[in-house]
Amino acid sequence: VPGNHEFYDYSMDVVESRLENLRISYSNIWSFLSEDTLPVFIDDVAFVGNTLWTDLCGGDGFVHRDVERGMNDFGYIKTYGPARSEVESLYNLANVYNQETKTWSEDPVYSDAYEELKAERSNKDNRWTTVKMVTMHEMAKINLKAQIELAQSALSRKIVMLTHHVPAMIMYENNAYEHGHGRLVYGYYCTDMFEILETVDYALHGHIHVADSYKYEMGEHVVNFHCNCVGYHRHEFTEYKNGYLEL
């Protein structure tokens with residue numbers, strides 16, 4: 001299940017193509033994308049999922065503004081075009097450091113190519129925006145509902161939903177670590193998915209950089225939420241469990 005960070009270097013179209021190639025090449029690997037993912041059946045348990053993204057608090061304009069200004073994603077993620085590493089590699093080739101004179105100079109062989117690639121990656125049409133993200137979220141919801149219908153028609157004993165973003169706002173309420181970010185996290189990390197949650201038994205997600213488990217009661221129906229994030233680099237959480245979940 002790709003998260004937002006999987007798209008930081010390579011453009012979205014390249015990442016999704018590579019994940020799909022992995023799925024085709026290896027029988028034990030499945031890629032849960034947003035548009036045409038199918039459920040995976042292991043015995044009588046169905047696994048459904050995709051990245052999910054969020055609806056930014058139902059399209060709140062202030063949340064759109066705060067998220068786009070405050071999250072690195074909207075500077076690093078591109079919908080198409082060259083990878084960030086490609087641009088950086090050409091920059092290093094175009095700018096040559098002379099050890100003797102202790103000066104920098106441009107290599108004309110690479111400098112033009114670097115400027116061209118830089119312009120392509122900086123193209124405004126290529127930029128990841130909150131509007132594009134909400135559109136992806138709507139597509140993800142449609143796909144999840146279609147997967148769950150297939151799982152139900154197969155009479156699956158349990159349905160496990162795998163997403164990167166959090167499908168319930170309650171995780172924000174439980175998560176003291178991220179509270180300092182306020183509304184920005186509220187809208188970018190979580191989205192209430194009541195209609196879908198009523199049809200699944202387990203919801204496994206990431207994105208919040210905290211390990212936590214809890215039960216979400218919806219009348220007589222109970223959804224078992226599990227998040228087993230290791231945390232940020234050099235800020236790992238001891239709650240992370242290196243084990244397995246028995247369904």
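Every chain is numbered independently, its residues counted from 1 as its sequence is written. It should be noted that, the model being predicted, local features are given only for residues of pLDDT at least 70 and side-chain atom pairs only at 80 or more, the latter also being counted only at that level, while totals for whole chains, interfaces and linings use all residues. To obtain the side-chain values, all non-hydrogen atoms of the structure were used and water was disregarded.

Topic: the overall build of the protein chain
- Scanning the protein chain for helices and strands turns up 10 helices and 10 strands.
- Between two residues, a contact is recorded if the distance between any of their heavy atoms is within 4.5 Å. In the protein chain, once contacts between residues fewer than 6 apart in sequence are set aside, the share between residues at least 24 apart is 65%.
- Only the protein chains shown count as cover for residues, with accessible areas throughout obtained via the Shrake-Rupley method and a probe of 1.4 Å. Entry remark: accessible area of the protein chain is about 13,900 Å², with carbon and sulfur atoms responsible for 51%. The numbering of helices and of strands both runs from the N terminus, where a helix is a DSSP run of H or I of at least 4 residues and a strand a run of E of at least 2.

As for the confidence of the model for the protein chain
- Mean pLDDT over the protein chain works out to 81, with 85% of the residues at or above the 70 mark.
- The quantity known as pLDDT measures the predictor's confidence residue by residue, on a range of 0 to 100. Segment residues 176-180: pLDDT under 50, and 10 contacts once partners within four positions in sequence are set aside and those in other chains are kept.

So, the packing of aromatic side chains
- Any pair of Phe, Tyr and Trp rings, taking the six-membered ring for Trp, is counted once the centres come within 6.5 Å. Such a pair is stacked with planes under 30 degrees apart, edge-to-face with planes over 60 apart, and tilted for the rest. Scanning the model with the defined rule gives 8 aromatic pairs in all.
- Feature note: the residues Phe194, Tyr214, Tyr216 and Phe225 constitute an aromatic cluster, connected by ring pairs.

A look at the sheet that holds strand S7 (residues 211-218)
- When DSSP finds at least two bridges between two strands, those strands are taken to pair. An order of S1-S2-S5-S6-S8-S7 is seen for the 6 strands of this open sheet, with the pairing classed as mixed. The outermost strands of the open sheet, each flanked by one partner alone, are strand S1 (40-42) and S7. Across the sheet, the mean angle from the axis of one strand to that of its neighbour is 20°, orientation sign disregarded.
- Here S1 runs beside strand S2 (residues 45-50); their pairing, made up of 3 bridges, is antiparallel. Directly across from valine 40, in S2, lies its bridge partner phenylalanine 47. Between N-to-C directions, angles cover 0 to 180 degrees, with each direction set by a line fitted to C-alpha atoms, over the stretch in contact for helices.

What about a negative patch on the surface?
- Patch members must show over 30% relative accessible area and no salt bridge, and they are joined within 9 Å when carrying like charges or within 5 Å when they are nonpolar side chains of Val, Leu, Ile, Met, Phe, Trp or Tyr. The salt bridge definition used is simple: a Lys or Arg side-chain nitrogen within 4 Å of an Asp or Glu carboxyl oxygen. Positive charges are assigned to Lys and Arg, negative charges to Asp and Glu, while His and the chain termini are left out of the count. By convention, charge coordinates are those of NZ in Lys, CZ in Arg, CG in Asp, or CD in Glu. Together, Glu106, Asp112, Glu115, Glu116 and Glu120 make up a negatively charged patch on the protein surface.
- Top element by residues in the negative patch is helix H6 (residues 108-122). It accounts for 4 residues.
- Residue position: glutamate 120 is located in helix H6.
- For glutamate 120, a relative accessible area of 38% corresponds to the partly exposed category. When a residue's accessible area, from a 1.4 Å probe over protein chains only, is under 20% of the maximum for its type it is buried; when over 50% it is exposed; and in between it is partly exposed.

A short note on the nonpolar core
- Among the buried residues, those of types Ala, Val, Leu, Ile, Met, Phe, Trp, Tyr and Cys that are joined through side-chain atoms within 4.5 Å form a nonpolar core. Trp53, Trp128, Tyr188 and Leu197 are the most contacted members of the largest nonpolar core, which has 44 residues in total.
- The element that contributes the greatest number of residues to this core is helix H7 (residues 130-153), accounting for 6 residues.

Section: helix H3 (residues 61-70)
- Every buried residue of H3 is accounted for by Val63, His64 and Val67. For H3, the angular spread of buried residues about the axis comes to 105°, placing them on one side. Exposed side of H3, more than 90 degrees from the buried face: Gly61 and Arg69 are the residues found there. Throughout, the arc means that of the directions going from the helix axis to the C-beta atoms.

Some words on the pattern of salt bridges
- The tally for this structure, following the rule as stated, stands at 6 salt bridges.
- In this structure, aspartate 44 engages arginine 157 in a salt bridge whose closest nitrogen and oxygen atoms are separated by 2.9 Å. Here aspartate 44 is found in the loop between S1 and S2, whereas its partner arginine 157 is found in the loop between H7 and strand S5 (158-163), with 113 residues between them in sequence.

A short note on the side chain of threonine 130
- With respect to the element layout, threonine 130 can be found in helix H7.
- Within the local environment of threonine 130, its side chain forms a polar contact with the side chain of histidine 64, the two groups lying 2.7 Å apart.
- Setting aside residues no more than four positions away along its own chain, threonine 130 makes contact with Leu56, His64, Val67, Glu68 and Phe74. Nitrogen and oxygen atoms within 3.5 Å of one another constitute a polar contact, given that in protein one can donate a hydrogen and the other can accept it, and given that sequence-neighbouring residues count only through two side-chain atoms.

Topic: the pairing of S2
- Most of S2 is tucked away, with 6 of its 6 residues classed as buried.
- The alternating pattern of S2 places Val45, Phe47 and Gly49 on one face and Ala46, Val48 and Asn50 on the opposite face, and all of these are buried.
- The antiparallel hairpin formed by S1 and S2 contains 2 residues in its connecting segment, where aspartate 43 sits at a positive phi of about 55°.
- Relative to S5, S2 is paired through 6 bridges, and the arrangement is parallel. Its bridge partner lying in S5, valine 48 is registered against methionine 161.

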